[in-house]
Amino acid sequence: MKNLKKYYLHKPFLFVTLVFLNILVSVLFESVTLILYYIVDLIQDGSKFTLFLYIGLAAFFAIICAVLLNLFVEYTTHKYVDEITEIYRNDVFHGILNMDLSEMNSKQVGEYLSILNKDVNSISQQHFTAVFDLISYSSLFLTAFALSIYLNYIVTLFIFFMASMVVIVPALFSKAICTKYDEYSIAVAELSKYLESFLGGSLIVANCEAIHKISEIVDKVDKTMLKKENKYWKLISINNNVVQFLNLLLEFFTVFFVCLLAYYGKTTISMCVAFMQIGITIYSPLMQIINSYSYIKSVKKVVERLAKFTEFNGKKQTKCVLKEPSIMVHDLTIAYDDRKVLDDVSYNFEFGKKYMLTGKSGIGKSTLLNSIFGYINKESGEIDFFNENERVENTNDNSNSLIGYVHQKPYLFIGSLVENITMFSKEPDMEKVNKIIKQCRLDDFASQRGLNSPLDNSNNSISLGEMQRISLARILYLDKPILFLDEVTSSLDENNAHAINDAIQELDNKLVIWISHDKDTQNLTWIDQKLIIQDSKLIEA
């Protein structure tokens, strides 16, 4: 779990200060035990009543200082844990967005939501918080242990021997707890995936009168998740109760042993009182140390699973500066379940040209664009960007830098029209925005909704055609040298479709690959080359 070290040391001075303050709190609490020891001695003496009162007053102030300082430490620790959790969640989110595109495309949104919510919260509570608890209870345990050595080393040896028995608990349960929590975490992700899928299509579920059937499926997955959760918490409960039982048992034997020594005159009554208090501040913190250790171990596999995301901390997308890029596809083969969708496809898409890609539904048109972009893995073949002077590999960063992709299923973000078009640019070029709004026939939409008012599509008041035009406007604003257009006019009426056709025709110095089923679109005279996918091959029409 070394990859979490950087989060604890996000503010090294504050972290070290918290450790020091925890030690100070422990010293203050144990000073009360030492004062009790002297108070009992003074009571037995009887001739030092004034000193007795002064020491009692000192004990009172030590308790007040310890409680107030402990309150401050707990509050500051809580704030610090919240801060590093926020940083950790941002790093995980950043890492998800930086994932290999094909891997990201292979999972559903629900799985990532589970990671960002359930898994990150678990690491916050069962690792970040648990580590600070470990520091706090370890300080108290070690301070109490040091005091016991000062008072009587024979009793300390007995305490050490008895305490060592409690250490066997992590060895018995930690591995099983870790496994059960990982199974529970995976089950939560599976439930999130199903909920995201069915809630996203809730209108279809209702329309197809499938509510009961879908509820049964979700209920089955939910029950599986609850079983995993119950097994995990059952093991945690057994672990905690075993530790608590041993804790009470050890406290009893310690007090019994000290009293036995007092009975035979080997120690004093004040020593008995002191060790009764020390027993509490040794065994109780020891129990909490073991519990904290169990919590930390329980999320070990989750931390390891999320490590691949946090490795992207500080990573920035490298912008490809290749000018006037063309695309070379060489011997590209893609298969699904042993069925070849594309078979040894080779073609050079030249910069400055516009290509129309057609073919039957499901024949592989989107598959070709997705493979070039990096959404899906190729079985074999090569895809590169090149110009007259340079050739670069088709990496995720290069694809994102060079290609603007308008998908068949448009997407709107939470934000205004301007934010959706400029992708939340802090200083948008409003002259460019207004020009693109006119190009994409969004004038009326902008007048009605406003440029900077949040777009609310909760009641589906934004049509699919409007969403497609906003998606196209977004890509045009980014002004990338390559455009992939997947059925961008499929949901538009005739007038708006013509306007979009004109806007694309006017694009200069671009490589455009346009998928379309629209016969009117396919007959556009300004298209430089029409391509057809047929029998898993790409051929010129």
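Keep in mind the model is a prediction, meaning the values are calculated, not measured.

*Asks:* Let's hear about the overall build of the protein chain: which residues, and what values?
*Replies:* Within the protein chain, the regular secondary structure consists of 19 helices and 10 strands. Restricting to contacts in the protein chain with at least 6 residues of sequence separation, those with at least 24 account for 78%. Surface summary for the protein chain: the accessible area is close to 28,900 Å², and the carbon and sulfur share equals 58%.

*Asks:* Report on the confidence of the model for the protein chain, specifying residues and quantitative values.
*Replies:* Here the protein chain averages 82 in pLDDT, while 90% of its residues score no lower than 70. Across the protein chain, the secondary-structure element scoring lowest on mean pLDDT is helix α19 (residues 519–522), at 59, and the one scoring highest is strand β8 (residues 511–515), at 92.

*Asks:* Requested: an account of the sheet that holds strand β4 (residues 380–386), with residues and values cited.
*Replies:* Strand order in the open sheet made by the four strands is β2-β1-β4-β5, with antiparallel pairing throughout. Either end of the sheet is taken by a strand with one partner, and the two such strands are β2 (339–349) and β5 (391–393). Going across the sheet, the axis of each strand differs from the next one's by a mean of 25 degrees, ignoring polarity. Its contacts with the sheet put helix α12 (residues 365–373) on β1 (326–336), β2 and β4, and the angle it makes with β1 is roughly 115 degrees.

*Asks:* Before we move on, can you summarise the pairing of strand β9 (residues 529–534) with the specific residues and values?
*Replies:* Note that strand β3 (residues 354–358) and β9 share four bridges and pair parallel. Note that in β9 the partner of Y355 across the bridge is Q529. Pairing analysis gives four bridges linking β9 to strand β10 (residues 537–540), with the strands arranged antiparallel. Each residue of the ladder has a partner; that of I532, found in β10, is I539. With antiparallel pairing between neighbouring strands as the criterion, β9 and β10 make up a hairpin whose turn holds two residues, including D535 at a positive phi of roughly 55 degrees.

*Asks:* Report on the packing of aromatic side chains, specifying residues and quantitative values.
*Replies:* Tallied over the entire structure, the rule returns 26 aromatic pairs. Note on Y80 and F132: the rings are 5.9 Å apart at their centroids and 85 degrees apart in plane angle, and the pair reads as edge-to-face. A residue pair is termed long-range when its members are at least 10 positions apart, and Y80 in helix α3 (residues 49–97) and F132 in helix α5 (residues 109–151) qualify at 52 residues. Take Y80 and F132: they sit in the same class, and that class is buried. Taken together, the ring pairs connect Y7, Y8, F15, Y80, Y88, F128 and F132 into an aromatic cluster. Its end group placed over the ring of F386, R391 keeps NZ or CZ at 5.8 Å from the ring centre.

*Asks:* Any chance you could break down the pattern of salt bridges for me, citing the residues and the numbers?
*Replies:* Applying the stated criterion across every chain, the model contains eight salt bridges. With a shortest N-O distance of 2.4 Å, R305 and D182 are connected by a salt bridge. Remark: D182 occurs in helix α7 (residues 168–200) and R305 occurs in helix α11 (residues 300–310); sequence separation between them is 123 residues. Residue R305 is classed as partly exposed on the basis of its relative accessible area of 29%. In this structure, K340 engages D343 in a salt bridge whose closest nitrogen and oxygen atoms are separated by 3.7 Å. With relative accessibility at 42%, the residue K340 sits in the partly exposed group.

*Asks:* With reference to specific residues and values, describe the packing of helix α9 (residues 211–263) against helix α10 (residues 269–298).
*Replies:* At a closest axis distance of 9 Å, the pairing of α9 and α10 adopts a crossing angle of 160 degrees. By the angle between their directions, the pair α9 and α10 is classed as roughly antiparallel. Handedness of the α9/α10 crossing: right-handed. Looking at the contact of α9 with α10, its residues break down into 18 nonpolar, 10 polar and one charged.

*Asks:* Can you lay out the packing of α5 against α10 for me, pointing to particular residues and giving the numbers?
*Replies:* One way to put it is that α5 packs onto α10 with a least axis distance of 8 Å and a crossing angle of 155 degrees. In terms of orientation, α5 and α10 fall into the roughly antiparallel class. Here α5 runs over α10; the crossing is left-handed. Class assignment for the residues of the contact of α5 with α10 results in 21 nonpolar, eight polar and one charged.

*Asks:* Provide a residue-level description of the side chain of N22, including the pertinent values.
*Replies:* Relative to the helices and strands, N22 is located in helix α2 (residues 12–45). There is a polar contact of 2.9 Å between the side chain of N22 and the backbone oxygen of L18. Residue contacts for N22: discarding those within four places in its chain leaves V73, I135, S136 and S139.

Scoring rules and cut-offs
- Each chain carries its own residue numbering, running from 1 in the written order of its sequence.
- Side-chain atom pairs in this predicted model are given and counted only at pLDDT of 80 or more, local residue features only at pLDDT of at least 70, and totals for whole chains, interfaces and linings cover all residues.
- Each side-chain value is derived from all of the structure's non-hydrogen atoms; neither hydrogens nor water enter the calculation.
- The secondary structure listing takes helices from DSSP runs of H or I that are at least 4 residues long and strands from runs of E that are at least 2 residues long, numbered from the N terminus.
- Any two residues whose heavy atoms approach within 4.5 Å at even a single point are treated as in contact.
- Computed with the Shrake-Rupley method and a 1.4 Å probe, the accessible areas treat only the protein chains shown as cover for residues.
- Per residue, pLDDT captures the predictor's confidence, and it can take any value from 0 to 100.
- Think of it this way: DSSP has to see at least two bridges between two strands before they count as a pair.
- As a rule, the C-alpha atoms of each element are fitted with a line to give its axis, helices using only the stretch in contact, and angles between N-to-C directions run from 0 to 180 degrees.
- Aromatic pairs are defined between Phe, Tyr and Trp rings, using the six-membered ring for Trp, whenever the two ring centres lie within 6.5 Å; interplanar angles under 30 degrees are classed as stacked, those over 60 as edge-to-face, and all others as tilted.
- Whether a residue is buried, partly exposed or exposed follows from its accessible area with a 1.4 Å probe, protein chains only, as a fraction of its type maximum: under 20%, in between, or over 50%, in that order.
- Only when the NZ atom of a Lys or the CZ atom of an Arg is both within 6 Å of the ring centre and within 35 degrees of the ring normal do we say a charge sits over the ring.
- Take a side-chain nitrogen of Lys or Arg and a carboxyl oxygen of Asp or Glu: if they are within 4 Å of each other, that pair is a salt bridge.
- Oblique is the label for any angle not covered by the other classes, which are roughly parallel (under 35 degrees), roughly antiparallel (over 145) and roughly perpendicular (65 to 115).
- Rotating anticlockwise by less than a right angle from the far helix to the near helix defines a left-handed crossing, while the corresponding clockwise rotation defines a right-handed one.
- Nonpolar residues are Ala, Val, Leu, Ile, Met, Phe, Trp, Tyr, Cys and Pro. Charged residues are Asp, Glu, Lys and Arg, and all others, Gly as well, are polar.
- N or O atoms within 3.5 Å of each other form a polar contact, as long as, within protein, one can give a hydrogen and the other can take it, and as long as residues adjacent in sequence are counted only when both atoms are side-chain atoms.

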